[in-house]
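Examining the three-dimensional arrangement
For reference, the chains in residue letters:
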Amino acid sequence: AVGSGLGREPRSRAVEQVRLRCTEGSLQWMYPARALRVLLEPNLASARHAAVCIKPARDFQGASIFVERAGQLHLLVGEPRGARPHHVSCFSHAPQRVALFLQASPQMDISRRTASFQYELLSNQSAAGPDFKKMALAEAMCRPCDNVELLMAICSSDFVVKGSIRNVSHDSENHMSQVDVSVQKVYRQKNRIFQQEEGSGKWRGPIRTLLQCKVKKGGGDFLFTGNEHFGEAWLGCAPRFKDFMLVYQAARERGANPCEFELN
């Protein structure tokens with residue numbers, strides 16, 4: 001959704017209201033003035049969402065974001081000070097709807113100011129655990145997956161790729177690590193995070209995880225699985241490919257594989 005605070009009657013005290021009916025998306029409020037109420041009302045009646053995550057844009061300016069709870073406003077994202085980038089904020093909510101309140105900051109010059117953010121509604125399955133603020137969106141396990149988790153991961157993950165680790169870099173400020181993957185085969189990906197380089201023709205892409213997982217560079221081929229959040233790939237199960245093959249083939253012989261998976 002895109003909107004502007006300009007063009008309304010200056011003396012009007014009415015709060016403009018918008019409804020967003022997707023489980024994920026973005027809002028761009030240009031030249032923010034007065035206030036904006038945003039209702040997140042996904043039109044999937046059967047979906048049960050346990051949390052909402054908000055990621056302000058790097059150039060987020062001119063407003064603060066509050067979440068409405070029982071008629072009270074609680075600050076979620078404040079007006080930025082300096083060049084410090086915003087982090088993702090997550091909070092639990094009742095399943096009916098989510099109401100956000102954007103309050104424009106008082107200022108004489110609103111030119112070149114835009115309050116924009118991305119949002120995602122997380123399901124009960126993907127928002128495991130009570131502390132959503134500890135990066136519920138990451139879904140990083142920080143431990144080896146058992147066989148049941150692995151077999152489910154290849155069926156339900158946003159991305160499944162076979163590849164090797166080119167490099168691992170760590171960002172202590174944002175508590176994240178990035179795994180640069182050289183991809184041999186893309187079995188599935190939701191968006192184009194893993195792409196083919198123009199010069200070499202090789203496939204590669206970045207996968208993120210939490211710094212506390214202490215990911216290190218290792219040799220050999222892996223099967224990387226996980227989900228995408230805010231246009232980034234987050235690591236789920238990542239067994240060595242030969243180990244995955246043994247698990248999958250054994251499950252298939254028993255008829256215990258939850259979905260068919262292409263092994264070539």
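What you see is a predicted model; the values in this text were computed from it and never measured.

What counts, and at which threshold
- Residues numbered from 1 in each chain as written.
- Predicted model: local features only at pLDDT ≥ 70, side-chain atom pairs only at ≥ 80, totals over all residues.
- Heavy atoms only, no water.
- pLDDT = per-residue confidence, 0-100.
- Contact = heavy atoms within 4.5 Å.
- Pairing = 2+ DSSP bridges.
- Helix = DSSP H or I, 4+ residues; strand = E, 2+ residues; numbered from the N terminus.
- Axes fitted to C-alpha atoms, helices over the stretch in contact; angles between N-to-C directions.
- Disulfide = S-S within 2.5 Å.
- Buried < 20%, exposed > 50% of the residue type's maximum accessible area, 1.4 Å probe, protein only.
- Arc of directions from axis to C-beta.
- Polar contact = N/O pair within 3.5 Å; in protein donor to acceptor, adjacent residues only side chain to side chain.

All right, on to the confidence of the model for the protein then. Mean pLDDT for the protein: 81, with 78% of residues reaching 70 or above. This stretch, residues 125-140, has a pLDDT under 50; its non-local contacts, to residues over four places away or in other chains, come to 33 contacts.

Here five strands make up an open sheet; going across it, the order is β2-β4-β9-β6-β7 and the pairing mixed. Of all strands in the sheet, those bounded by a partner on one side alone are β2 (16-20) and β7 (72-77). Averaged over neighbouring strand pairs, the angle between their axes works out to 30° when direction is ignored. Bridging between β2 and strand β4 (residues 35-40) involves five bridges; their strand directions are parallel. Across the sheet, the residue bridging to Leu-20 is Leu-40, located in β4.

A separate point is the state of the cysteines. Tallying each qualifying case throughout the model produces two disulfides. With a sulfur-sulfur separation of 2.0 Å, Cys-145 is cross-linked through a disulfide to Cys-237. Because the torsion about its S-S bond is -100°, the bridge between Cys-145 and Cys-237 counts as left-handed. With Cys-145 in the loop between β10 (114-123) and α1 (147-156) and Cys-237 in the loop between β16 (232-235) and α2 (241-254), this pair connects stretches of sequence that are 92 residues apart. A sulfur-sulfur distance of 2.0 Å marks the disulfide that ties Cys-155 to Cys-259. Around the S-S axis, the bridge from Cys-155 to Cys-259 shows a dihedral of about -95° and counts as left-handed. Within this pair, whereas Cys-155 is found in helix α1, its partner Cys-259 is found in the segment after α2, the two being separated by 104 residues in sequence. For Cys-155, a relative accessible area of 25% corresponds to the partly exposed category.

We now examine α1. Within the span of α1, buried status applies to Leu-150, Leu-151, Ala-153 and Ile-154. Projected down its long axis, α1 shows its buried positions confined to an angular sector of 155°, all on one face. Summarising the geometry of α1, the exposed residues directed more than 90 degrees from the buried face are Val-148 and Ser-156. As for α1, its buried residues are in contact with β11 (159-171), β12 (176-189), β15 (222-229) and α2. Its side-chain oxygen 3.2 Å from the backbone nitrogen of Val-148, Asp-146 forms the N-cap of α1.

Considering the arrangement of structural elements, one finds Arg-37 in strand β4. On the basis of relative accessibility, which here comes to 18%, the residue Arg-37 falls in the buried class. A polar contact is formed between the side chain of Arg-37 and the side chain of Gln-17, at a distance of 2.6 Å. Those residues within four positions of Arg-37 in sequence are excluded, and the remaining contacts are Val-15, Glu-16, Gln-17, Val-18, Glu-68, Arg-97, Ala-99 and Leu-100.

Here we take up the environment of Gln-17. Mapping Gln-17 onto the fold places it in strand β2. By relative accessible area, which is 35% here, Gln-17 ends up partly exposed. In the structure, Gln-17 is positioned 22 residues away from Leu-39 in sequence and 7.5 Å away in space, judged by C-alpha atoms. Each residue touching Gln-17, except ones within four places of it in the same chain, is listed here: Arg-37 and Leu-39.

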